[in-house]
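# Working through the structure, step by step
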Amino acid sequence: MASGSSIGVGGLFVNAEVTTSGRPVLRRNEVECFLLSSVDFDSEDDPPRFTALKSGNLILTTHRLIWIPSEPNGAVPSSIPLAAVTHIFSHKKSIKSMFHSPRIRFQADPGSIVVTIVFRGKGDFDCFLTKFWECWRGRAWDEEDKSETETSRSGGSATVAQGLYGNDGTVRMVGLAGILRKEQEQWESTDKSLQDAFQDLNALMSKAKEMVSLAEKMRQKLLSAPSSQNSSTDDEEMGSKEEMQQWMLSVGIISPVTKESAGALYHQELSRQLADFVRIPLEQAGGMISLTDMYYHFNRARGTELISPDDLWQACTLWEKFDVPVMLRKFDSGVMVIQNKSHSDEEVMSRIRMLVTKTEALRAGVTASDAALTLKIAPAMAKEHLLTAETKGLLCRDMSPDGLRFYFNLFPEIDLTNLHIVKDFGTYGEWVKATSILSV
Amino acid sequence: MQKLADFKLPQFFNYPPYFTLQPVRDTREKQIQLWKELILDYCKSQKTFLICVEEDFPLFSNSAIDRSLSHEAKETFLSAIVGEGRAEWLDKGHRKCLILWHRIQDWADIILQFVRDNGLEDSVMTVEEIRSGTESLGTELQGIDRTILMRALKLLENKGKLALFKGTSADDEGVKFSV
């Protein structure tokens, strides 16, 4: 058994500086790559060429292998520079190795000493091995040496980043090594976030069952709770019941009770968001847009977290309570549209009037499609406008096998006392002129 | 101007919406009034007393614009006329409509005038003679619908202006005036 501390043996191990909380002090440009616990550094030679380091944390960096004792047992934090590693033995898996703790052997100078790292803890050994190879091959210390000598030569131009590591300590992506490193880093971060995600997912899955049963209990409780009519003495109860509803909605649990309660927070927030969103599609549609079209636009914009048609309708009905410039309107036919509060029916009426008093329209009437084209609005909207105009007495309808057409309403202008009179002024006269080709 | 037989049709007869029953109340009201006037004018000029809804009635379609009234529209317009007392449904199924382009009261007055004009104040005539006899030639009474005539006569009977009596057969129903 070799005497003396590990330091004394031919300088294999170099003392590693640690902070007061036990973290290694890293050199400039040195980056930690891996951390494992319960690691031993052994010498398998007989007699052993150095004192074994038992039960410590192993930190692999771009420049060194650092070993820090996990318990204060007198051992000194030590490190082996990767530059000193001359050879890493390949790791052969055998039946024997399956029962032992994994171990890596490498050879390091001075003295070509063979060192065995024994991994007694849980950790991704394979990953460590891969990174060990990479860091060793990456030869981060080489670039640094080069850049150090160059900067000392050039003196003043210290701001120029050289080699793999820029002067400010960030890793530069140069050359093949840089590309490989970049790829590696990307994989690492993806891997890590996937690991994290799966941790969360596992935890969630185990809780899911509990959550579902909890939600059910709450639902039952809310459903069986007294209705709001007898709330005079139950204010506290009502308050907490509402709170519970809000909370359940925010967690995403839909309960029939919450849907019925108008003014739930979810719908309120949705309502405001919708009022903002609606502005642009509304403008593009010419001031009026059907609820179904808006449903399409809104959900398309949301991408995920789609809302149901019922949510959309609820959100629109809430607009009455806020001061927003849009409103929901229901036509007699049942069609529901969103329109600007400033939307003027009169303006649309005057445009329709202009349309139907043109000669061709006088003669043959207009269909909803004609109106849609001229007014530049959706055909469904155009039809609603025409129907509104009919109700107001501006238009009247003509139903035939050809379909539904609308004409300027001449009925008011026809004289009951003398059916044959056609006044010179008025649209009736114009209509007569427009249709003069029809008379026999 | 279009003509139907010798009847001059108004311009709005070529207005397609005229042939579609309008849903809007005010518009429909006007439409009904126009049809009422037109139907009465036409029937008066053509001396048409009866309209059968299920048969073609020349006024109810316009081939020039390829439009005709729906059954519902015909019924609506005729019922409106009935409602104003200018027509009567002869059956519960509303298939036959008697058009009173003169009201019964008006017909009664026409008969009285006819009696006076022809010095028939105390005479006796058969009902058939009133409608097809030589005296009635060229008068409004010529070809008057029997049902209407009977009604007018009954009205006058109630007022004591005449007495109706039955003859040996239906054709011999007679009237004794006491105007």
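Look up: the structure comes first, before these words.
Overview of the structure. This one's a predicted model, so the numbers in the text were calculated from it and none came from an experiment.

### Some points on the interface of chain A and chain B
Contact residues are listed per partner, giving 24 residues for chain A and 26 residues for chain B. For the chain A face of the interface with chain B, the top three residues by lost area are Phe411(A), Leu416(A) and Leu419(A), together amounting to 29%. For the interface between chain A and chain B, the tally reads 1 salt bridge. Between Asp398(A) and Arg67(B) there is a salt bridge, with the nearest N and O atoms lying 2.8 Å from each other. Remark: the boundary between chain A and chain B carries 9 residue pairs in polar contact (both at pLDDT 80 or more). Those elements giving two or more residues to the side of chain A that touches chain B turn out to be α13 (379-391), β12 (395-400), β13 (403-408) and α14 (427-434) of chain A.

### Concerning the environment of Ile414(A)
Secondary-structure assignment places Ile414(A) in the loop between β13 and α14. With 14 residues separating them in the primary sequence, Ile414(A) and Tyr428(A) have C-alpha atoms 7.6 Å apart. Apart from the residues within four sequence positions on either side, Ile414(A) is in contact with Tyr428(A), Phe12(B), Lys30(B) and Leu34(B).

### Section: α13(A)
All names here are of chain A. Taking 1.5 Å of rise per residue, the 13 residues of α13 would be expected to cover 18 Å, and the 18 Å separating its terminal C-alpha atoms lies within 8% of that figure. All of the buried residues in α13 are Met381, Ala382, Glu384, His385, Leu386, Leu387, Thr388, Ala389 and Glu390. Gly393 sits one or two residues past α13 and shows a positive phi near 90°.

### A word on the packing of helix α12 (residues 368-375) of chain A against α13(A)
Residue and element names in this part refer to chain A. Running from N to C, α12 and α13 cross one another at 105°; their axes reach a closest spacing of 8 Å. On the basis of their axis angle, the class for α12 and α13 is roughly perpendicular. Residues Ala368, Ala371 and Ala372 of α12 form the contact with α13, whose participating residues are Pro379, Ala382, Lys383 and Leu386. Along the lines of polarity and charge, the residues of the contact of α12 with α13 split into 6 nonpolar, no polar and 1 charged.

### Quick word on the sheet that holds strand β9 (residues 162-165) of chain B
All names here are of chain B. Judged by pairing direction, the sheet is antiparallel, and its 3 strands sit side by side in the order β8-β10-β9 without closing on themselves. Looking at the sheet topology across the chains shown, the edges are occupied by β8 (124-126) and β9. Each neighbouring strand pair of the sheet contributes to a mean axis angle of 25°, computed without reference to strand direction. Relative to β9, helix α5 (residues 146-158) is tilted by about 125°, and along the sheet it contacts β9 and β10 (174-177).

### Re the sheet that holds strand β6 (residues 87-89) of chain B
Residue and element names in this part refer to chain B. Reading across from one edge, β3-β7-β6 is the order of the 3 strands in this open sheet, with antiparallel pairing throughout. Looking along the sheet, the strands with just one partner apiece sit at the ends: β3 (50-52) and β6. Mean inter-strand twist for the sheet, computed between neighbouring axes without regard to direction, equals 20°. Pairing geometry for β3 and strand β7 (residues 96-99), over 3 bridges, is antiparallel. Directly across from Leu50, in β7, lies its bridge partner Leu98. Along the sheet, helix α2 (residues 71-83) contacts β3, β6 and β7; its crossing angle with β6, the most-contacted strand, is approximately 115°.

### Details of the packing of aromatic side chains
Residues and elements named next belong to chain B. Enumeration according to the criterion identifies 27 aromatic pairs over all chains in this entry. With a centroid separation of 4.9 Å and 75° between ring planes, the pair formed by Phe12 and Tyr18 is classed as edge-to-face. Here Phe12 and Tyr18 have matching classes, each one buried.

Rules used throughout
Starting afresh in each chain, residues are numbered from 1 along the sequence in its written order. Note on labels: chains are lettered from A, ligands numbered from 1, in written order. At least 70 in pLDDT is required for a residue's local features to be given in this predicted model, at least 80 for side-chain atom pairs to be given and counted, and no such filter applies to totals for whole chains, interfaces and linings, which use all residues. Processing note: side-chain calculations cover all non-hydrogen atoms of the structure and skip hydrogens and water entirely. We call two residues contacting when some pair of their heavy atoms lies within 4.5 Å. Note on definitions: buried area is the accessible-area loss of two parts on being combined, 1.4 Å probe, summed for both. Salt bridges are defined as contacts in which a side-chain nitrogen from Lys or Arg sits within 4 Å of a carboxyl oxygen from Asp or Glu. Here a polar contact is recorded for every N or O atom pair within 3.5 Å, except that within protein the pair must consist of a potential hydrogen donor and a potential acceptor, and residues adjacent in sequence are included only if both atoms are side-chain atoms. Numbering of helices and strands runs from the N terminus, with a helix taken as a DSSP run of H or I at least four residues long and a strand as a DSSP run of E at least two residues long. Expected helix span is given by 1.5 Å per residue-to-residue step, counting one fewer step than there are residues. Each residue's exposure class comes from its accessible area (1.4 Å probe, protein chains only) as a fraction of the maximum for that residue type: buried when under 20%, exposed when over 50%, partly exposed otherwise. Orientation is described by axes fitted as lines to C-alpha atoms, over the contacting stretch for helices, and by angles from 0 to 180 degrees between their N-to-C directions. Here is the rule for angles: anything less than 35 degrees is roughly parallel, anything more than 145 is roughly antiparallel, 65 through 115 is roughly perpendicular, and the remaining ranges are oblique. Each residue is assigned to one class: nonpolar for Ala, Val, Leu, Ile, Met, Phe, Trp, Tyr, Cys and Pro, charged for Asp, Glu, Lys and Arg, and polar for all the others, Gly among them. For two strands to pair, DSSP has to find at least two bridges joining them. The pairing test for Phe, Tyr and Trp rings, Trp by its six-membered ring, is centres within 6.5 Å, and the orientation test on the planes gives stacked under 30 degrees, edge-to-face over 60, and tilted for anything in between.

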